[in-house]
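Spelled out from the first residue to the last, the chains are:
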Amino acid sequence: MNERDSGANCTFCAIVEHREPALRVFESSGILAFLPLAPAAFGHTLVIPKRHVGDVWDISKAEMSSVMEVSLVIARAIKESISPDGLNLINSSGAAATQTVPHFHVHLMPRWEGDPMGGIWPESPDWEEGDLLSMANMIRAKIEG
C-alpha cells in the first residue's frame, strides 16, 4: 500500500480527523456525511466510511451496508428539506471513472428538471446479443466462484 492509498494525504481522512473543515450533516462511529466545499448542486452531499478505503473494490460488506443505510437516511432528508425532482446516487471508483479523491465515497446529488448537470448516460453502443451473454457469463462465473 503506498502513501496515497494509506490515507496519510487523503482529504477525506483529514475531514474525518477534523484537520480540514467540513459542513457535517451526519456522523456515527463509522460513517460521515458532509457537504462538499464546492457542491455541484444545492444539497449535494457526500457519504464516506471514516476508515480510509480507497474505492469500491476495497470496502468491506459491513462498511458498504452502513454507507448505503446512511445514504438512504440522507436521501430522505434531502427530499423532505429541499424537494428535488430527483436524486442521483453516484460512486466513481478509479481514475477512468473520474474518481478524484482516493477515498470511497457516495455522492447524493439532488436533481431538478432542466438543471445544468444534464444527462449522465452516454448513448449506448449497439451490443450484439452474444457479447451481452458473454459479459453476463463472465460476471456470473466470478460471483459463483
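For clarity, every value in this text was computed on a predicted model and none was experimentally measured. (Residues numbered from 1 in each chain as written. Predicted model: local features only at pLDDT ≥ 70, side-chain atom pairs only at ≥ 80, totals over all residues. Heavy atoms only, no water.)

Student: Where do I start with the sheet that holds strand β2 (residues 31–35) in this structure?
Tutor: The strands making up a sheet associate through hydrogen bonds between their backbones, and the pairing can be parallel or antiparallel. Strand order in the open sheet made by the five strands is β1-β2-β3-β5-β4, with antiparallel pairing throughout. The sheet terminates laterally at β1 (23–27) and β4 (86–90), the two strands that pair on one side only. Within the sheet, the average angular offset between the axes of one strand and its neighbour, ignoring direction, is 20 degrees. For β4 and strand β5 (residues 106–111), the ladder comprises five bridges, and the chain directions are antiparallel. When the sheet's bridge partners are listed, Ile 90 is paired in β5 with His 107. (Pairing = 2+ DSSP bridges. Helix = DSSP H or I, 4+ residues; strand = E, 2+ residues; numbered from the N terminus. Axes fitted to C-alpha atoms, helices over the stretch in contact; angles between N-to-C directions.)

Student: When you look at the pairing of β2 in this model, what are you seeing that I'm missing?
Tutor: Consecutive residues of a regular strand have side chains that alternate between opposite faces of the sheet. In terms of burial, β2 is largely enclosed, as four of its five residues are buried. Pairing analysis gives four bridges linking β1 to β2, with the strands arranged antiparallel. Each bridged residue has a counterpart across the sheet, and for Arg 24 the counterpart in β2 is Phe 34. The loop that links β1 with its antiparallel partner β2 comprises three residues. (Buried < 20%, exposed > 50% of the residue type's maximum accessible area, 1.4 Å probe, protein only.)

Student: Help me understand the nonpolar core, please; the structure alone is not making it clear to me.
Tutor: As a rule of thumb, soluble globular proteins bury nonpolar side chains together. Counting residues in each nonpolar core, the largest one holds 12 residues, listed as Ile 31, Ala 33, Val 47, Val 53, Ile 59, Val 67, Val 70, Ile 74, Ile 78, Phe 104, Val 106 and Leu 108. Those elements that provide at least two residues to this core are β2, α3 (61–82) and β5. Here this core takes four residues from α3, the largest share from any one element. What Phe 104 contacts, discounting residues up to four positions off in sequence, is Val 47, Ile 48, Pro 49, Val 53, Gly 54, Asp 55, Val 56, Ile 59, Met 64, Val 67, Asn 91 and Gln 99. Ranked by size, the runner-up nonpolar core spans 10 residues in total, among them Val 16, Leu 32, Phe 34 and Val 101. (Core = buried A, V, L, I, M, F, W, Y, C linked by side-chain atoms within 4.5 Å. Contact = heavy atoms within 4.5 Å.)

Student: Looking at this structure, how should I read unusual backbone geometry?
Tutor: Negative phi values dominate among residues other than glycine, just as trans dominates among peptide bonds. One non-glycine residue with positive phi stands out, namely His 18, at about 65 degrees. Relative to the assigned elements, His 18 resides in the loop between α2 (11–16) and β1. You can call His 18 exposed: its relative accessible area is 57%.

Student: Explain the side chain of His 105 to me, please; I cannot follow it from the model alone.
Tutor: Position of His 105 relative to the elements: it lies in the loop between β4 and β5. A relative accessible area of 6% places His 105 in the buried class. A polar contact is formed between the side chain of His 105 and the side chain of His 107, at a distance of 3.3 Å. Among residues more than four places away in sequence, those in contact with His 105 are Phe 12, Leu 46, Val 47, Ile 48, Ile 90, Asn 91 and Gln 99. (Polar contact = N/O pair within 3.5 Å; in protein donor to acceptor, adjacent residues only side chain to side chain.)

Student: Just checking my understanding: could you explain helix α4 (residues 129–144) for this structure?
Tutor: A turn of α-helix holds 3.6 residues, and therefore any two residues three or four places apart point the same way. Compared with the 22 Å implied by 1.5 Å per residue over 16 residues, the 22 Å span of α4 between its first and last C-alpha is a close match. Positive phi shows up at Gly 145, right after α4, with a value of about 70 degrees. (Expected span 1.5 Å × (residues − 1).)

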